[in-house]
Amino acid sequence: MRLIVGLGNPGPEYARNRHNVGFMAADAIVRRHRFSPWRAKFAGEIAEGELAGERVLVLKPMTYMNDSGSSAAAAARFFKVPVGDVIVLHDEIDLAPGKVRIKKGGGHAGHNGLRSIDDHMGSDFLRVRIGVGHPGDPDRVADYVLSDFSKAERDEWVETLIEALAEQSPLLLRGDESGFMSKIALALQPPRAAQKEKKDI
């Protein structure tokens, strides 16, 4: 079994926050691949299904971001999932909006959800870093990630990115990380390419 953990904060007031893009991605994977309905367990919400021929558990910790690790560690222990088979979906301010990068292990770079998982499980998990951009001022980071994506952002790239991430998620299970990133980047290109073709006509 593999464990996919989407990071975010529970409650409707946080649902559209940049910090909740991990929850958005988890919801999209469960929806697209017809996983079981969400149910409460491990101080979170879980759904089970199959990706790339493997049994997969998707978890959204309901502990608030700062204690995500306690929920993730409880699920991993119960299902005997080694930390190397855990995939964490999270927002990344050090990447431009819409960019996705994969990283195995490493530091938490001040991300409280990653810090909590590091503390409870160690750092040798796979991180799917979903770029949300940086406000430009370190003092504004907390307010920035806890603010909603604008309608323009949602229309321009957020919804497309989340759906592409869900569609291509089986590639992560197969270990094709470069293919996963390439296909997501490609999914974000067509509107711009179509616009250029229009101008050329």
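Keep in mind the model is a prediction, meaning the values are calculated, not measured.

(A) View of the nonpolar core. One finds Val58, Ile87, Leu89, Val128, Leu165, Leu172 and Phe180 to be the most contacted residues of the largest nonpolar core, which totals 39 residues. Ranked by residue count, the leading element in this core is helix H5 (residues 151-173), at ten residues. Discounting chain neighbours no more than four positions away, the residues touching Val128 are Ile87, Val88, Leu89, His90, Val100, Arg101, Ile102, Leu165, Leu172 and Phe180. Listed in part, the 20 residues of the second largest apolar core include Ala73, Val81, Val88 and Phe125.

(B) Fine view of the sheet that holds strand E6 (residues 100-104). Taken together, the seven strands give an open sheet; going across it, the order is E2-E3-E4-E1-E5-E7-E6, and neighbouring strands pair in mixed fashion. Looking at the sheet topology across the chains shown, the edges are occupied by strand E2 (39-41) and E6. Along the sheet, successive strands turn relative to each other by an average axial angle of 30 degrees, direction set aside. Pairing of strand E5 (residues 86-92) with strand E7 (residues 126-131) involves six bridges; the strand directions are parallel. The residue bridging Val88 from the neighbouring strand is Arg127, located in E7. Strands in contact with H5 are strand E1 (2-6), strand E3 (44-51), strand E4 (54-61), E5, E6 and E7; relative to E7, the strand with the most contacts, it is inclined by about 160 degrees. Contacting E6 and E7, helix H6 (residues 177-187) crosses the sheet at an angle of about 165 degrees to E6.

(C) Quick look at the packing of helix H1 (residues 21-32) against H5. Relative to each other, H1 and H5 sit at 50 degrees, their axes nearing to 8 Å. Between H1 and H5, the angle falls in the class oblique. Our pair here, H1 against H5, has a crossing hand that is right-handed. Between H1, through Val21, Met24, Ala25, Ala28, Ile29, Arg31 and Arg32, and H5, the contact on the second element is made entirely by Val158, Ile162, Glu163, Leu165, Ala166, Glu167 and Ser169. Broken down by class, the residue content of the contact of H1 with H5 amounts to nine nonpolar, one polar and four charged.

(D) Broad picture of the environment of Phe78. On the secondary structure map, Phe78 appears in helix H2 (residues 68-78). Setting aside its immediate chain neighbours within four residues, Phe78 contacts Lys41 and Phe42.

(E) Broad picture of the pattern of salt bridges. Across all of its chains, the model carries twelve salt bridges by this definition. Among the salt bridges present, the one from Arg129 reaches Glu92, with a minimum N-O distance of 3.2 Å. Pair noted here: Arg129 is in strand E7 and Glu92 is in strand E5, with a separation of 37 residues, a long-range link. Neither residue differs from the other here; Arg129 and Glu92 are each classed as buried. Salt bridges sharing common partners tie together Arg2, Glu54 and Asp85.

(F) Structural view of the packing of aromatic side chains. Summed over the entire model, instances satisfying the criterion amount to five aromatic pairs. Ring geometry for Phe42 and Phe79: centres 6.0 Å apart, planes at 70 degrees, overall edge-to-face. Here Phe42 is found in the loop between E2 and E3, whereas its partner Phe79 is found in the loop between H2 and E5, with 37 residues between them in sequence. Here Phe42 matches Phe79 in class, with each residue buried. Where Phe149 meets Trp157, the ring centres are 5.6 Å apart and the plane angle is 90 degrees; that geometry is what we call edge-to-face. With respect to burial, Phe149 and Trp157 carry one shared label: buried. Here Lys60 stacks its cationic end above the ring of Trp38, 4.4 Å away from the centre of that ring. Above the ring of Phe125, the side-chain terminus of Arg127 is found at 4.1 Å from the ring centroid.

Each value, and the rule that gives it
- Residues numbered from 1 in each chain as written.
- Predicted model: local features only at pLDDT ≥ 70, side-chain atom pairs only at ≥ 80, totals over all residues.
- Heavy atoms only, no water.
- Core = buried A, V, L, I, M, F, W, Y, C linked by side-chain atoms within 4.5 Å.
- Buried < 20%, exposed > 50% of the residue type's maximum accessible area, 1.4 Å probe, protein only.
- Helix = DSSP H or I, 4+ residues; strand = E, 2+ residues; numbered from the N terminus.
- Contact = heavy atoms within 4.5 Å.
- Pairing = 2+ DSSP bridges.
- Axes fitted to C-alpha atoms, helices over the stretch in contact; angles between N-to-C directions.
- Parallel < 35°, antiparallel > 145°, perpendicular 65-115°, else oblique.
- Left-handed = near helix turned anticlockwise from the far one by under 90°.
- Nonpolar A, V, L, I, M, F, W, Y, C, P; charged D, E, K, R; others polar.
- Salt bridge = Lys/Arg side-chain N within 4 Å of Asp/Glu carboxyl O.
- Phe/Tyr/Trp six-rings, centres within 6.5 Å; stacked < 30°, edge-to-face > 60°.
- Lys NZ or Arg CZ within 6 Å of the ring centre and 35° of its normal.

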